[in-house]
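Architecture and fold: a report
Read off the chains here:
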Amino acid sequence: MNWSHISIGEAVGVWSVLGVAVAGLLYAVFLTRQILREDQGTAAMQDISNRIRQGAVAYLNRQLRAIVLFIALLTLALFASAALVKELPKYVTDAGFDGLSIALGRAGAFLMGSLFSLAVGQIGMRMAVLGNVRVAAAARRSFGEALRIGYRTGTITGMLTDGLGLLGGTIIFMMYGQAAPEVLLGFGFGGTLIALFMRVGGGIYTKAADVGADLVGKVEKDLPEDDPRNAAVIADLVGDNVGDCAGMAADVFESYEVTIVSAMILGISIATAGPTFQFQWILFPLLVRAIGVFSSIVSTYSVRISHEGESAFKAIDRGFRLAALISTVGFWVLALVYMNDWRVAAATTAGIVLAVLTNMLTEYYTGTDKAPVQEITRSTSGGPATTILSGLFVGMESSVWAILAVAGAIFASVVIFNGESVTMILYGVALCGIGQLTLTGNNISMDAFGPIADNANGIGEMCHLEPKARQIMADLDAVGNTTKAVTKGIAIASAVIAAVSLFGAFGDTVLETMRSLHMPTPESFAINISMPQVFIGVLIGGAVPFLFSSMTIRAVGRSANLIVDEVRRQFRIPGLMEGKVAPDYSNAVEICTRAAQRELLGVGALAVLSPVIVGFVLQTEALGGFLAGVILSGQLMAVFMANAGGAWDNAKKVIEDEPRDHVANTGKGSERHKASVVGDTVGDPLKDTSGPALNPLIKVINMVSVLIVPLVVQFSQTLKSFQMPTVSAWHWTTLVVVALAVAVGLFIYTRIVAANRQRVTVIADDQPARRK
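Residues numbered from 1 in each chain as written. Predicted model: local features only at pLDDT ≥ 70, side-chain atom pairs only at ≥ 80, totals over all residues. Heavy atoms only, no water.

So, the overall build of the chain
- Counting its regular elements, the chain contains 20 helices and 0 strands.
- Over its C-alpha atoms the chain spans a radius of gyration of 26 Å, differing by no more than 12% from the 28 Å that the globule rule assigns to 772 residues.
- Seen along its three principal axes, the alpha-carbon backbone of the chain occupies a region of about 80 × 60 × 40 Å.
- Within the chain, buried positions represent 63% of all 772 residues.
- For the chain, contacts bridging at least 24 residues in sequence account for 85% of all contacts bridging at least 6.
- In the structure as shown, the chain presents an accessible area of about 27500 Å², 65% of it carried by carbon and sulfur atoms.
- For the chain, the separation between the mean place of its 56 positive charges and that of its 59 negative charges on side chains is 5 Å. (Helix = DSSP H or I, 4+ residues; strand = E, 2+ residues; numbered from the N terminus. Rg over C-alpha atoms; globule rule 2.2 N^0.38 Å. Buried < 20%, exposed > 50% of the residue type's maximum accessible area, 1.4 Å probe, protein only. Contact = heavy atoms within 4.5 Å. Areas by Shrake-Rupley, 256 points an atom, 1.4 Å probe, with all protein chains shown as cover. Lys, Arg positive; Asp, Glu negative; His and termini not counted. Charge placed at Lys NZ, Arg CZ, Asp CG, Glu CD.)

Quick look at the structure:
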């Protein structure tokens, strides 16, 4: 690193950030050792926990094999994205780096980001499936002990996300200094891509199992949740971990990195704008992240009930508020003492305000005691159709308020930095995203607590534990549903803020590339919507989230059909319903595992190739319009699906808590309950597959666009320098489109063939059992 622009105090600050990152990881190790010492319960409880763990590990191992070649190819592409750039920005050459060192650094950072994201998901999920049985065992002793073990197990995932994210960013910063943003692009892209794969694969797995188990078990056979006679129950419990634990952790990890990347890219422009290099604009985001890690360590360890009977959510929320208080005080002290600028603290605090507001909106539209869910509950009297209609309007209405909250946060940056450049305002937006994700350790702890409590409750149901323990686990499970809904809302909002920050970095990268190529450069990057090709870009961008959602929902539907057939087949086995014969759980696990892997490369290709095609065919401004369309459409779709699904789910829970009375049509087994199960089944792939997976999709597309835009600008200048006629240019780009269309067509054809073979294999495997 070139330390010429950095003071001794700033050098100490950089090393302190590294020390805080290591402390966060050591805290995760400390909690791991603490949790593994806890009691694991009876042999029957351990057997069920081992089945869940084996299914989850098998899924992650197969997922890794499915994506490893794709990662290898993209590593080479990342190297080329830097090596093919003719002229590097001045701040890179001033730091003493050439094209080869940036290309190697970007490719290496991509691998590091991919490995760190995989580690967060893999280690966090493995700890979750080791913690579930310990929570179930602790519930036999006390509520407070079960909460402590469950939350601290989730905290391991949270601190891995915090620690590895800060560690990777700091190491790259220490190696490359002011040129770090060019390399951090690879680190952020690695984390983003893995998050997309984990979100999509985990979402398909968990909802295929959940939908299949509920439709046959609850609706057709009137069985309770997690009944051991249901052949899909283990697959359902596995899915909770691979979807809600591994998927969410990787999702928030990449948002964590993307906001750092965008803030540093924008900070470079501010740092080089004056007569002297102002290093603090690059270092400030890292210092804010370190404050967040410290506040998470203190607050997560403080989570415990103050007295018997206190709500678990109140104890968790108290820890969240403590972290927010420590972080906010730290922001202001850092801004006033180091930056000597209150505005950066205000912009960062706006992110925490956005997180709190997002929590409130999510709780209102999905809370069991709030008007939207109560209205859906009443609509179940009319059957499944009215139930679904009520959920649709709840989801649509919630999208409007959520996007207004995000717009308000962006406008706050406009007000705070009034009179400053567009780059400074966008820097404020990036700080807003950093502030929102400062409490990442707490957010992921809350999210991972959900599947841990859910699994513990399932283990208690299958092992027929005593009523007191079952009630404790049911209460923790209900709190886990709330914490999962809250963190989904935060993840969606953070995705949009991160995408807007990247959009600002996109424009800044365009200007830096134009300057390095000695092209006429405007003061700021602007998109003229009246240009036909830009409007085409907006339209295509707006359509991509719909195509992506259709692919993921179709995958859940196909896979759920296979699970339904399998569960029905096993229910026909003599003695199974009477409990004399145990079901074969492994077949449902295998069906879900295979189904989840088939879709990964398709959605990955859509996310990576769509901005490449738009950029090189329609050029730079159209690519900017494409990004705007993706961000707007993706935000609206994600919130709509997440909140509609969450509202349907909680409406079902309200009815399940009613007294069971078939005359009054209340409680489990009633017609209203069956209508609510149908609504919940429709909402499952929306809230747990397509909606959450839109978060990494938006950021993958934005990250790819930032990576390729120097080449797009360079390509555009090459066409002009050769004075090629417009027709020739379009001939060239048409050849590119045709080649890509052929490649995509062949890929889709291989997927269809593979799907048909899988279907034939399942049917063939099913025939002997049917003949029996």
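There is more to say after this.
Some points on a nonpolar patch on the surface
- Residues Leu 325, Val 329, Trp 332, Val 333, Leu 336, Val 337 and Trp 342 make up a contiguous nonpolar surface patch of roughly 710 Å² in combined accessible area.
- No other element matches the 6 residues that helix H9 (residues 312-339) contributes to the nonpolar patch.
- Mapped onto the elements, Val 333 comes out in helix H9.
- Judged by its relative accessible area of 48%, Val 333 is partly exposed. (Patch = residues over 30% accessible without salt bridge, like charges linked within 9 Å, V, L, I, M, F, W, Y side chains within 5 Å. Salt bridge = Lys/Arg side-chain N within 4 Å of Asp/Glu carboxyl O.)

Describing the packing of helix H10 (residues 342-366) against helix H15 (residues 467-516)
- Two elements in contact, H10 and H15, have axes whose closest approach is 9 Å; the angle formed by their N-to-C orientations is 130°. By the angle between their directions, the pair H10 and H15 is classed as oblique. Read as a crossing pair, H10 and H15 show a hand that is right-handed. Residues Leu 354, Ala 355, Thr 358, Asn 359, Thr 362 and Thr 366 of H10 touch H15, and the partners they reach there are Ala 485, Val 486, Gly 489, Ile 490, Ala 493 and Ile 497. (Axes fitted to C-alpha atoms, helices over the stretch in contact; angles between N-to-C directions. Parallel < 35°, antiparallel > 145°, perpendicular 65-115°, else oblique. Left-handed = near helix turned anticlockwise from the far one by under 90°.)

Brief notes about the side chain of Ser 114
- Among the secondary structure elements, Ser 114 is positioned in helix H4 (residues 99-139).
- Judged by its relative accessible area of 3%, Ser 114 falls in the buried class.
- A distance of 2.9 Å separates the side chain of Ser 114 from the backbone oxygen of Phe 110, its partner in a polar contact. (Polar contact = N/O pair within 3.5 Å; in protein donor to acceptor, adjacent residues only side chain to side chain.)

Brief notes about the nonpolar core
- One finds Phe 189 and Leu 476 to be the most contacted residues of the largest nonpolar core, which totals 251 residues.
- No other element matches the 26 residues that helix H18 (residues 600-656) contributes to this core.
- Apart from the residues lying within four places of it in its own chain, the contact partners of Leu 476 are Val 135, Phe 143, Ala 146, Leu 147, Ala 312, Phe 449 and Ala 453. (Core = buried A, V, L, I, M, F, W, Y, C linked by side-chain atoms within 4.5 Å.)

Looking at helix H17 (residues 585-598)
- Taking 1.5 Å per residue, 14 residues should reach 20 Å; H17 reaches 21 Å between its end C-alpha atoms and fits that length.
- For H17, the buried fraction is high: 10 of the 14 residues fall into the buried class.
- Tyr 585, Ala 588, Val 589, Ile 591, Cys 592, Thr 593, Ala 595, Ala 596, Gln 597 and Arg 598 are the residues of H17 that are buried. (Expected span 1.5 Å × (residues − 1).)

A closer look at the environment of Ala 271
- Structurally, the position occupied by Ala 271 is in helix H7 (residues 233-271).
- Exposure remark for Ala 271: the relative accessible area of 0% places this residue in the buried category.
- The spatial distance from the C-alpha of Ala 271 to the C-alpha of Pro 89 is 14 Å, given a sequence separation of 182 residues.
- The contact partners of Ala 271, leaving out residues within four places of it in the chain, are Thr 276, Phe 277, Gln 278, Trp 281 and Ile 282.

What about unusual backbone geometry?
- Positive phi, close to 55°, is recorded for Asn 340, a residue that is not glycine.
- Tracing the backbone through its elements, the reader meets Asn 340 in the loop between H9 and H10.
- Accessibility expressed as a relative area gives 68% for Asn 340, which makes it exposed.
- For Gln 619, which is not a glycine, the phi torsion comes out positive at approximately 80°.
- By relative accessible area, which is 16% here, Gln 619 ends up buried.

Some thoughts on the packing of aromatic side chains
- This model, assessed by the stated rule, comprises 11 aromatic pairs.
- By way of ring pairs, the aromatic residues Tyr 27, Phe 30 and Tyr 301 are connected into one cluster.
- Across from the ring centre of Tyr 301, 3.9 Å away, lies the NZ or CZ of Arg 152, which sits over that ring. (Phe/Tyr/Trp six-rings, centres within 6.5 Å; stacked < 30°, edge-to-face > 60°. Lys NZ or Arg CZ within 6 Å of the ring centre and 35° of its normal.)

Quick notes on the pattern of salt bridges
- A full pass over the atoms with the stated rule returns 25 salt bridges.
- Residue Asp 369 is joined to Lys 370 by a salt bridge in which the shortest nitrogen-to-oxygen separation is 3.2 Å.
- On the accessibility criterion, Asp 369 (58% relative accessible area) is exposed.

A few points about the side chain of Ser 379
- Among the secondary structure elements, Ser 379 is positioned in helix H11 (residues 371-379).
- Residue Ser 379 is classed as buried on the basis of its relative accessible area, which comes to 13%.

Overview of the environment of Gly 507
- Turning to its location among the elements, Gly 507 is positioned in helix H15.
- In this structure, the C-alpha to C-alpha distance between Gly 507 and Gln 40, residues 467 residues apart in sequence, is 54 Å.

Quick look at the confidence of the model for the chain
- For the chain, per-residue confidence averages 82 on the pLDDT scale, and 92% of positions sit at 70 or higher.
- Considering each helix and strand of the chain separately, the mean pLDDT is smallest for helix H20 (residues 726-771), with a value of 47, and largest for H11, with 92.
- Low pLDDT, under 50, characterises residues 724-732; the predicted model gives this stretch 6 contacts beyond four residues in sequence or across chains.
- When the criterion is pLDDT under 50, residues 757-772 qualifies, and its contacts beyond four places in sequence or with other chains add up to 9 contacts. (pLDDT = per-residue confidence, 0-100.)

A look at the packing of H4 against helix H5 (residues 143-176)
- The N-to-C vectors of H4 and H5 enclose an angle of 170°; their axes lie 8 Å apart at closest approach. By the angle class used here, H4 and H5 are roughly antiparallel.

What about H5?
- Between its first and last C-alpha, H5 extends 50 Å over 34 residues, near the 50 Å set by a 1.5 Å rise per residue.
- Of all 34 residues in H5, 30 are buried, a share of seventy percent or more.
- Between the side-chain oxygen of the N-cap and the backbone nitrogen of Glu 145 there are 3.2 Å, and the N-cap of H5 in question is Ser 142.
- Gly 177 sits one or two residues past H5 and shows a positive phi near 60°.

Here we look at the environment of Asp 649
- Note on placement: Asp 649 falls in helix H18.
- The buried category is assigned to Asp 649, whose relative accessible area is 12%.
- Taking the C-alpha atoms as reference points, Asp 649 and Ser 262, 387 residues apart in sequence, are found 36 Å from one another.
- For Asp 649, the residues in contact, after removing those within four places along its chain, are Asp 680 and Lys 687.

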